[in-house]
Amino acid sequence: GLAAFGDAQQKSAERESQKADALAGVTAETSFLKERNEAALELDRDPEPGTAVERWRERVSGAADSASAGIQDPQRRAMWRERAEQSITNEEYRFRGAIETRQRAAQVGKLESDLATNQNIYVDQNASPAAREQASRTMSESIDLARKAGIIDDRLAEKYTKNVLAGAQYNEGVTRLQTDHR
């Protein structure tokens, strides 16, 4: 009798411990996901995208450590922490890709703005021949540098050359013809 009672008490304690760890795992997951999502929102607004992902990773890794501390079973805690680390790594790759895409879009936007400025100089009737030549050279060099830096691909470089540089030369020629025939 007493041994059976002891065994029953031990099994009951083990079940309670498993239930507590299961609940701790759910609590850890909820806490971790909440912190990960809040950190992701802040990352999207971060003014320093070059270092934002590292700061995000530190914050979320710390949140995972804190969240997993409530799981008493070392094996269950290690498994939960491993899943959290995989989640962090997956999100990190996604964020790095998104930041790279935003940075490239900003670089393309700056290139287009610079090209438009130089195109306007090139077609300005009041611009000197030297200013027009400099604007043409700057447009050509900007397109080439952006291509070499990987900001734009060959197809886009060709498009800019055709639409911006050749377009400016065409518009400048039309303007000259109109001015010469007056």
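Scroll up for the structure.
Our subject in this report is the structure included herewith.

Cut-off values and rules
- Residues numbered from 1 in each chain as written.
- Predicted model: local features only at pLDDT ≥ 70, side-chain atom pairs only at ≥ 80, totals over all residues.
- Heavy atoms only, no water.
- Salt bridge = Lys/Arg side-chain N within 4 Å of Asp/Glu carboxyl O.
- Axes fitted to C-alpha atoms, helices over the stretch in contact; angles between N-to-C directions.
- Helix = DSSP H or I, 4+ residues; strand = E, 2+ residues; numbered from the N terminus.
- Parallel < 35°, antiparallel > 145°, perpendicular 65-115°, else oblique.
- Left-handed = near helix turned anticlockwise from the far one by under 90°.
- Contact = heavy atoms within 4.5 Å.
- Nonpolar A, V, L, I, M, F, W, Y, C, P; charged D, E, K, R; others polar.
- Phe/Tyr/Trp six-rings, centres within 6.5 Å; stacked < 30°, edge-to-face > 60°.
- Buried < 20%, exposed > 50% of the residue type's maximum accessible area, 1.4 Å probe, protein only.
- Expected span 1.5 Å × (residues − 1).
- Polar contact = N/O pair within 3.5 Å; in protein donor to acceptor, adjacent residues only side chain to side chain.
- Core = buried A, V, L, I, M, F, W, Y, C linked by side-chain atoms within 4.5 Å.

### Considerations on the pattern of salt bridges
And then number 1: Tallying each qualifying case throughout the model produces 17 salt bridges.
And then number 2: Counted as one network, the salt bridges with shared partners bring together Glu54, Arg57, Asp65, Arg81, Glu85, Glu92 and Arg96.

### Regarding the packing of helix H3 (residues 74–123) against helix H4 (residues 129–148)
And then number 1: Running from N to C, H3 and H4 cross one another at 160°; their axes reach a closest spacing of 8 Å. Put simply, H3 runs roughly antiparallel to H4. For the pair H3 and H4, the crossing hand works out as left-handed. Two secondary-structure elements touch here, H3 through Leu111, Leu115, Asn118, Gln119, Ile121 and Tyr122 and H4 through Ala131, Arg132, Ala135, Ser136, Thr138, Met139, Ser142, Ile143 and Ala146.
And then number 2: Of the residues in the contact of H3 with H4, the class split is nine nonpolar, five polar and one charged.

### What to know about the packing of aromatic side chains
And then number 1: Here the structure, examined in full by the defined rule, presents two aromatic pairs.
And then number 2: With a centroid separation of 5.7 Å and 80° between ring planes, the pair formed by Phe32 and Trp80 is classed as edge-to-face. Note that Phe32 is positioned in helix H1 (residues 2–44) and Trp80 in helix H3, a separation of 48 residues in sequence.
And then number 3: Taking relative accessible area as the criterion, Trp80 reaches 2% and is therefore assigned buried.

### Some details on H3
And then number 1: With 50 residues, H3 ought to run about 74 Å at 1.5 Å a step, and its terminal C-alpha atoms sit 72 Å apart, in line with that.
And then number 2: The distance from a side-chain oxygen at the start of H3 to the backbone nitrogen of Gln75 is 2.8 Å, and the residue carrying that oxygen is Asp73.

### Comments concerning the environment of Ala63
And then number 1: Summarising the element assignment, Ala63 is placed in helix H2 (residues 49–68).
And then number 2: Contact partners of Ala63, with chain neighbours within four places excluded, come to Phe32 and Glu35.

### Considering the nonpolar core
And then number 1: If you look at the biggest cluster of nonpolar residues, it comprises 18 residues, and the most contacted ones within it are Phe32, Leu43, Trp56 and Trp80.
And then number 2: Setting aside residues no more than four positions away along its own chain, Trp56 makes contact with Arg36, Ala39, Ala40, Leu43, Ile88, Glu91, Glu92 and Phe95.
And then number 3: In terms of nonpolar packing, the next biggest core, distinct from the first, is built from 15 residues, Val108, Ala135, Ile151 and Ala157 among them.

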